[in-house]
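# Secondary and tertiary structure notes
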Amino acid sequence: MSASDRLRQKIGVALPAFGATAWRIWDSPSVHELYPEYLCTMHCIVRSSVPLMQAAIARSHELEGDPVAAGVAAYLSEHVGEEMGHDEWVLQDLEATGRDRNEPLHRIPPPSVAAVVGSQYYWIRHHHPVALMGHIAVMEGYPPTVRLAEHLQVRTGYGPDAFRSLARHAMLDIHHRDEFLEVVDTLPLAEEHEALIGVSALHTIRGLIDVFEQILEREAVPAP
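Now for a look at the structure at hand. (Residues numbered from 1 in each chain as written. Predicted model: local features only at pLDDT ≥ 70, side-chain atom pairs only at ≥ 80, totals over all residues. Heavy atoms only, no water.)

### Quick word on the pattern of salt bridges
Tallying each qualifying case throughout the model produces 12 salt bridges. Among the ionic pairs, Arg 107 bridges to Glu 103, the shortest N-O distance being 2.7 Å. Classification of Glu 103 as buried rests on a relative accessible area of 13%. (Salt bridge = Lys/Arg side-chain N within 4 Å of Asp/Glu carboxyl O. Buried < 20%, exposed > 50% of the residue type's maximum accessible area, 1.4 Å probe, protein only.)

### Side note on the layout of surface pockets
Approximately 940 Å³ is the volume attributed to the largest pocket. Surrounding the largest pocket, 37 residues form its lining, Tyr 38, Met 42, Met 139, Tyr 142 and Pro 144 being those nearest its centre. Elements with a minimum of two residues in the lining of the largest pocket: helix H1 (3-26), helix H2 (31-46), helix H3 (49-62), helix H5 (86-96), helix H8 (132-141), helix H10 (164-186) and helix H11 (191-216). Looking at the lining of the largest pocket residue by residue, the classes come out as 26 nonpolar, eight polar and three charged. For the second largest pocket, the calculated volume is near 180 Å³. Around the second largest pocket sit 13 residues that line it, and Glu 37, Thr 41, Arg 107, Pro 110 and Gln 214 are the ones nearest its centre. Elements supplying a minimum of two residues to the lining of the second largest pocket: H2, helix H7 (111-126) and H11. Across the lining of the second largest pocket, the residue classes tally to seven nonpolar, three polar and three charged. (1 Å grid on protein atoms, 1.4 Å probe; cavity = no way out; pocket = protein on both sides within 12 Å on 5 of 7 lines; lining within 4 Å. Points joined across faces, edges and corners; volume = space filled by probe spheres on them. Helix = DSSP H or I, 4+ residues; strand = E, 2+ residues; numbered from the N terminus. Nonpolar A, V, L, I, M, F, W, Y, C, P; charged D, E, K, R; others polar.)

### As for the nonpolar core
Core analysis: the largest hydrophobic core is formed by 63 residues, its most contacted members being Trp 26, Tyr 35, Tyr 38, Leu 76, Met 133, Phe 180 and Phe 212. With 10 residues, H11 is the single largest residue contributor to this core. Setting aside chain neighbours within four positions, we find Leu 76 in contact with Met 53, Ala 56, Ile 57, Leu 132 and Ile 136. (Core = buried A, V, L, I, M, F, W, Y, C linked by side-chain atoms within 4.5 Å. Contact = heavy atoms within 4.5 Å.)

### Focus: the environment of Met 84
Within the secondary structure, Met 84 sits in the loop between helix H4 (67-83) and H5. Separated by 38 residues in the primary sequence, Met 84 and Val 46 have C-alpha atoms spaced 9.8 Å apart. With residues near it in sequence (within four places) discarded, Met 84 still touches Val 50 and Gln 54.

### Here's the deal with the packing of H1 against H11
A pair of packed helices is captured by two measures, namely the crossing angle of their axes and the spacing between those axes. It is at 9 Å that the axes of H1 and H11 come closest, and there the two elements cross at 5°. Overall, the two elements H1 and H11 adopt an arrangement that is roughly parallel. Its residues assigned to classes, the contact of H1 with H11 shows 20 nonpolar, two polar and five charged. (Axes fitted to C-alpha atoms, helices over the stretch in contact; angles between N-to-C directions. Parallel < 35°, antiparallel > 145°, perpendicular 65-115°, else oblique.)

Shown next, in the form of structure tokens:
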């Protein structure tokens with residue numbers, strides 16, 4: 001079994017719990033109100049993607065003579081440009097629902113988001129930047145489907161312009177996932193590196209469940 005196989009096996013144990021939470025949003029009678037909340041919250045996470053990669057690249061360059069860090073830096077340096085502008089896609093979708101596109105920028109990001117993203121900064125800076133590979137494995141390794149975007153369009157009543165980010169990621173992240181898994185298998189990972197990637201991935205899933213649970217708490221809150 002390859003390193004990428006072992007990683008996906010670990011993620012696969014926790015993924016059903018996250019999927020069940022997500023579908024509580026998608027099938028909620030209040031999904032029309034919850035979808036803009038989802039976009040506001042996800043923007044807080046998506047806008048951290050590029051800075052996280054830049055932080056990992058910078059830290060990797062400090063670890064001279066570390067072949068794993070060098071491999072992480074090489075991959076992220078190629079990949080970071082592909083992630084630029086994705087936060088703008090989310091804002092455009094939010095605007096298409098009739099909400100203020102600047103709303104996520106004025107909100108205090110919830111503690112659940114800070115826990116998901118902030119942990120990566122800690123591991124990058126104070127342990128090893130390979131930790132970010134676990135986060136990326138979750139965020140890009142299980143892309144939404146075009147059918148989900150179509151399902152939500154019917155359920156929410158919003159037009160197709162409100163789901164462009166989901167539709168784009170349904171196509172892009174398949175390529176990103178396959179490329180990522182190939183990179184994981186080329187890195188000279190020791191047992192402790194694989195363990196860190198796995199811990200990071202499972203922490204991201206646990207954190208996303210908390211994020212989605214917090215979105216569900218908005219069911220009884222009137223939209224602005």
